[in-house]
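# Coordinates in review
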Amino acid sequence: MAEINKESKHVKHVEPYSPQSGTMIPLGTQKFLRTCVLWQLIRFVAINIKMTILIVKSHR
Amino acid sequence: MARLVILGAGVAGHTAASFAAKWLSETEDEVVVVTPNALWNWIPSNIWVGVGEMGKEEVTFDLAPVYEKAGAIYKQAKAVSINPEGSADTNKSFVTIEFTGQDKEGESENIEYDYLINATGPKLNFDATPGLGDGNGHLGEHTVSVCTADHAIHASHVLDETIEQMRKGERKKFLIGTGHGMCTCQGAAFEYIFNIEHKLKEEGVRDMADMTWISNESFLGDFGMGGLHFNMGGFVTSSKVFAESLYAERGMDWIIGAHVNKVEAGKVTYETLDGEIDEQEFDFAMLIPPFAGVGLKAYNKAGEDITDTVFAPNGFMKVDADYTVKPYEEWLPSDWPRTLQNPTYKNMFAVGIAFAPPHPISKPMKSPNGTPIIPTPPRTGMPSAMMGKAVVSSIVDMMKGKATEPTHTSSMAEMGAACVASAGKGLFSGTAAAMTVFPIVPDFKKYPGTGRDINGTTGEIGLAAHWVKHLLHHAFIWKAKLKPGWTLIPE
Ligand SMILES: Cc1cc2nc3c(=O)[nH]c(=O)nc-3n(C[C@H](O)[C@H](O)[C@H](O)COP(=O)(O)OP(=O)(O)OC[C@H]3O[C@@H](n4cnc5c(N)ncnc54)[C@H](O)[C@@H]3O)c2cc1C
């Protein structure tokens, strides 16, 4: 049996020419970063800053 | 002594009541809250109740002690009608209520007011789609809902049963989305489908599920806001790409531009924007109902019905919006209300879902058969609470004699919204989509091309957003309970 390419496991459920095949699908690094605690701690701070700016801009 | 009556104790009404009680605490003035529910519900977390990750007691609390502490008078009742001019017997405006609790069930009372805030939110109009409702205004037997905490408990039990059958080797079809062509609140359904998917994975049965999204949006990621554009990696990227990417990643199919026109056991019939009539089978379905006003009536001094003067045909209260019917190309940010004051009766205001929007935000579309398939505008938690606070600030200024006109504004065309949509719960395995949008109603003159500030409109998916969502759950319940420092937590 042919071996599956390492990165292809992230898209193996996508049928060619289906609507799903016309969009971006995250690969391993992107998926890892989404739940990587260290990186997400930084994103947590960033999201809170963005939301604070939005709240300040919205209150008048 | 003056009296402010607030109808509804949801996100908008409770925010208004809390600030009114605080700001009027040193005066003789009264704050009366009329709401049929004994419990306050942090509705966004109903999603987690609906997948068994939280219990009802974690998303609700008793309102009575909170209002007692705040110094507001609490009537567990539903408003039935408003007499803004009074009646033959009195010149004072009053609202007629019918008790639903406090050992006075079914009793009526007239409450006079100097100022009135209508924050009654939506009627969950299940019966607009045959089979989605039971014909008596409640959820029907074929689908589940997460719109109330009790609905979510029921949904969670049905989900558990479905998972049990999957464990025994039965393949199941899941259908989640909107149950009518004129729905809003796609975000809630979006959260539910991703939370179910996450749960199925954790239970080890994901491979036994076919998951389909069905929605009245003309493209995935419209969210009733005509979509939004983020700055992603140096590209202005549509929420269509953002949303499609997430559905494709999680192996879900989507049906868009759909008006569900019939729900039967295990099957929905729907019409699409390109005119096709089709069917979709399901074993488990959660379809958001369309929203309408709660059906309040209004009468003038002579007792004549003036409901059409005070309310729009969909039952939401008219405010200072521009309701002129005009094509999409002519819509302006200035169509949206700022003071939320009723144009006919200046001592009445409407906030949150209860105010009548001037028109949708998404471009209106019809099927070739003439069926309108248009996401109606979302009025999510943050804007609802901000409107509640702004209106109460104006009213308190008027009650204290500092002003005769509203002093504060809160327009969806001038404010942004932060929305964190859960895609699965778990301290280290959870994810959510954190989005900020500014302004909510696009302004194509100020921000040509996308209608929104590209730096203020952002989106990202990850564990951090889930932490933010969890933090907000606790922060908003803390704030709603008026615990120490509650005023420091922003709306
Ligand atoms: C499942 C779900 C998830 C959601 N998730 C999010 C989210 O993550 N983020 C977000 O920003 N928004 C979310 N929303 C939307 C958010 O819940 C609403 O925007 C918000 O609740 C609107 O506030 P409101 O005060 O206008 O209405 P509500 O919160 O619905 O409050 C209306 C109040 O009026 C009362 N009432 C009804 N009829 C009468 C009557 N006749 N007389 C007196 N009182 C009456 C009701 O009992 C209730 O207390 C979600 C909605 C749902 C359904």
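What counts and how
- Within each chain, residue numbers correspond to sequence positions counted from 1 in written order.
- Going through the entries in the order they are written, you letter the chains from A and number the ligands from 1.
- Per-residue local features are limited, in this predicted model, to residues with pLDDT of at least 70; the limit for side-chain atom pairs, both in listing and counting, is 80 or more; totals at the level of whole chains, interfaces and linings are taken over all residues.
- Remark: hydrogens and water are excluded; side-chain values derive from all non-hydrogen atoms of the structure.
- A helix here means a DSSP run of H or I that spans at least four residues, while a strand means a run of E at least two residues long, and both kinds are numbered starting from the N terminus.
- The size measure is the radius of gyration over C-alpha atoms, and the globule rule it meets is 2.2 Å times the number of residues to the 0.38 power.
- Shrake-Rupley sampling with a 1.4 Å probe provides the accessible areas, and residues are treated as covered by the protein chains on show and by no other component.
- For the charge count, each Lys or Arg is scored as positive and each Asp or Glu as negative, with His and the chain ends excluded.
- Every charge is mapped onto a representative atom, which is NZ of Lys, CZ of Arg, CG of Asp or CD of Glu.
- Buriedness for pockets is judged along seven lines, at least five of which must meet protein on both sides within 12 Å for an open set on the 1 Å grid over protein atoms alone, while cavities are sets there where a 1.4 Å probe fits but cannot get out, and lining residues have an atom within 4 Å of a point.
- Grid points are joined across faces, edges and corners, and a volume is the space filled by probe spheres set on the points.
- Nonpolar residues are Ala, Val, Leu, Ile, Met, Phe, Trp, Tyr, Cys and Pro. Charged residues are Asp, Glu, Lys and Arg, and all others, Gly as well, are polar.
- The cut-offs for exposure are 20% and 50% of the maximum accessible area for each residue type, with area from a 1.4 Å probe on protein chains only; residues under the lower value are buried, those over the upper are exposed, and the others partly exposed.
- Should DSSP find at least two bridges between two strands, the strands are regarded as paired.
- The definition of a right-handed crossover adopted here requires that, viewed with the strands pointing away, the path from the first strand over the helix to the second runs clockwise.
- Patch members must show over 30% relative accessible area and no salt bridge, and they are joined within 9 Å when carrying like charges or within 5 Å when they are nonpolar side chains of Val, Leu, Ile, Met, Phe, Trp or Tyr.
- We count a salt bridge whenever a side-chain nitrogen from Lys or Arg sits within 4 Å of a carboxyl oxygen from Asp or Glu.
- One heavy atom within 4 Å of a molecule or strand is enough for the residue carrying it to be called near that molecule or strand.
- Whenever a nitrogen or oxygen atom comes within 3.5 Å of another N or O atom, the pair is scored as a polar contact, on the condition that within protein one atom can donate a hydrogen and the other can accept it, and that pairs from neighbouring residues in sequence are kept only if both atoms are in side chains.
- Any two residues whose heavy atoms approach within 4.5 Å are treated as being in contact.
- The buried area of a pairing is the accessible area, by a 1.4 Å probe, that goes missing from both parts when the two are put together, added over both.
- Between N-to-C directions, angles span 0 to 180 degrees; the directions come from axes that are lines fitted to C-alpha atoms, helices contributing only their stretch in contact.
- Buried residues of nine kinds, namely Ala, Val, Leu, Ile, Met, Phe, Trp, Tyr and Cys, make up a nonpolar core once their side-chain atoms join them within 4.5 Å.
- By convention in this document, the label disulfide applies to cysteine sulfur atom pairs within 2.5 Å.

Now for the overall build of chain B. Helices and strands together make up the secondary structure of chain B, namely 10 helices and 24 strands. On C-alpha atoms alone, chain B measures out to a radius of gyration of 22 Å, which is about the 23 Å that the 2.2 N^0.38 rule sets for 491 residues. Taken over the C-alpha atoms alone, chain B extends approximately 65 × 50 × 45 Å along its principal axes. When the accessible surface of chain B is summed, it comes to about 18600 Å², and 52% of that surface belongs to carbon and sulfur atoms. A distance of 4 Å separates the average location of the 41 positive side-chain charges in chain B from that of its 60 negative side-chain charges.

Before going further, it helps to spend a moment on the layout of surface pockets. Residue and element names in this part refer to chain B. Roughly 700 Å³ of volume is contained in the second largest pocket. Lining the second largest pocket are 29 residues, and of these Asn314, Pro357, Pro358, His359 and Pro360 sit closest to its centre. Of the residues in the lining of the second largest pocket, the class split is 18 nonpolar, 7 polar and 4 charged.

Another aspect to go through is the environment of Gly86 of chain B. With respect to the helices and strands, Gly86 of chain B occurs in the loop between strand S5 (73–83) and strand S6 (94–99). Along the backbone, Gly86 of chain B and Gly303 of chain B are 217 residues apart, and their C-alpha atoms lie at a distance of 8.9 Å.

Here the focus is the pairing of strand S10 (residues 172–178) of chain B. Residue and element names in this part refer to chain B. For S10, the buried fraction is high: 6 of the 7 residues fall into the buried class. Bridge count between S10 and strand S11 (residues 209–214): 6 bridges; the pairing is parallel. Residue pairing across strands places Lys172 opposite Ala209, the latter belonging to S11. As a crossover connection, the stretch from S10 through helix H6 (residues 186–202) into S11 is right-handed.

Taken together, the side chains of Val37, Leu38 and Leu41 of chain A together with Leu427 and Phe428 of chain B present a nonpolar region at the surface, about 510 Å² in accessible area. Note that Leu38 of chain A resides in helix H2 (residues 37–58).

To continue, consider the pairing of strand S23 (residues 432–437) of chain B. All names here are of chain B. The buried count for S23 comes to 6 of 6 residues, which makes it a mostly enclosed element. Across 6 bridges, strand S22 (residues 417–422) lies against S23 in antiparallel orientation. Residue Cys419 lies in a different strand from S23, and its bridge partner there is Met435. Sheet analysis places S23 next to strand S24 (residues 458–462), joined by 5 bridges and oriented antiparallel. Within the sheet, the bridge partner assigned to Ala434 lies in S24 and is Glu460.

What follows covers the site of the ligand. Residue and element names in this part refer to chain B. Residues in contact with the ligand amount to 32 residues; listed here are only the nearest, Ala12, Ala79, Arg379, Gly381 and Lys469. At 2.7 Å, a backbone N or O of Gly381 approaches an oxygen atom of the ligand. A total of 1000 Å² of accessible area belongs to the ligand in isolation, and the protein chains cover 88% of it. Of all the secondary structure elements, the ones that give two or more residues to the shell around the ligand are helix H1 (11–23), strand S2 (30–35), S5, H6 and helix H9 (381–399). Counted by class, the shell around the ligand contains 18 nonpolar, 10 polar and 4 charged residues.

Each partner contributes residues to the interface: chain B has 44 residues there, and chain A has 25 residues. Here chain B meets chain A over a buried area of about 2900 Å², counting both sides, of which 66% is carbon and sulfur. For chain B, the biggest contributors to the area lost against chain A are Glu249, Glu460 and Trp467 of chain B; these three give 19% of the whole. Scanning the region where chain B abuts chain A turns up 4 salt bridges.

This part covers the sheet that holds S23 of chain B. All names here are of chain B. Reading across the sheet, the 3 strands line up as S22-S23-S24 and stay open at both edges, with antiparallel pairing between neighbours. With partners counted over all chains shown, the strands left at the sheet margins are S22 and S24, one partner each. Across this sheet, the average inter-strand angle for adjacent strands is 10°, counted without regard to direction. Contacting S22, S23 and S24, helix H10 (residues 463–480) crosses the sheet at an angle of about 105° to S22.

A few words on the side chain of Thr339 of chain B. Residue and element names in this part refer to chain B. For Thr339, the position within the fold is in the loop between helix H8 (307–310) and strand S21 (348–350). Overall, the relative accessible area of 16% leaves Thr339 in the buried class. Each residue touching Thr339, except ones within four places of it in the same chain, is listed here: Asp320, Phe349, Val391, Pro406, His408 and Thr409.

Here the focus is the pattern of salt bridges. Going through the model one piece at a time under the given rule, you end up with 27 salt bridges over all chains. For Lys57 of chain A, the salt bridge identified is with Asp453 of chain B, shortest N-O distance 2.9 Å. With Lys57 of chain A in helix H2 and Asp453 of chain B in the loop between S23 and S24, this residue pair bridges two chains. The partly exposed category is assigned to Lys57 of chain A, whose relative accessible area is 33%. Between Glu30 of chain B and Arg3 of chain B there is a salt bridge, and its shortest N-O distance comes to 2.8 Å. In this pair, Glu30 of chain B is assigned in strand S2 and Arg3 of chain B in strand S1 (residues 3–7), connecting sequence segments 27 residues apart. Residues joined in a network through salt bridges with shared partners are Glu164, Arg167, Lys199 and Glu203 of chain B.

Right, let's get into the sheet that holds strand S14 (residues 253–255) of chain B. All names here are of chain B. In space, the 4 strands of this open sheet follow the order S14-S11-S10-S18, with parallel pairing throughout. The sheet is open, and its two edges are formed by S14 and strand S18 (284–288), each paired on a single side. Strand-to-strand twist in this sheet, taken as the mean axis angle between neighbours without regard to direction, amounts to 15°. Sitting on the sheet, helix H5 (residues 149–167) touches S10, S11 and S18, and the angle it makes with S10 is about 155°.

So, about the nonpolar core. Counting residues in each nonpolar core, the largest one holds 150 residues, and the members touching the most others are Val95, Tyr192, Ile196 and Tyr247 of chain B. In terms of residues, this core owes the most to one element, H9 of chain B, which gives 9 residues. Filtering out sequence-adjacent residues up to four positions away, Val95 of chain B remains in contact with Val5, Leu7, Ala79, Ser81, Ile82, Glu109, Asn110, Ile111, Tyr113 and Leu116 of chain B. Residues Ile47 of chain A together with Ala432, Ala464 and Ala465 of chain B belong to the second largest nonpolar core, which totals 10 residues.

Let us look at the state of the cysteines. The final tally for this structure, using the stated rule, is 0 disulfides over all chains. With no disulfide of its own, Cys185 of chain B lies closest to Cys147 of chain B among cysteine sulfurs, the gap being 6.3 Å.

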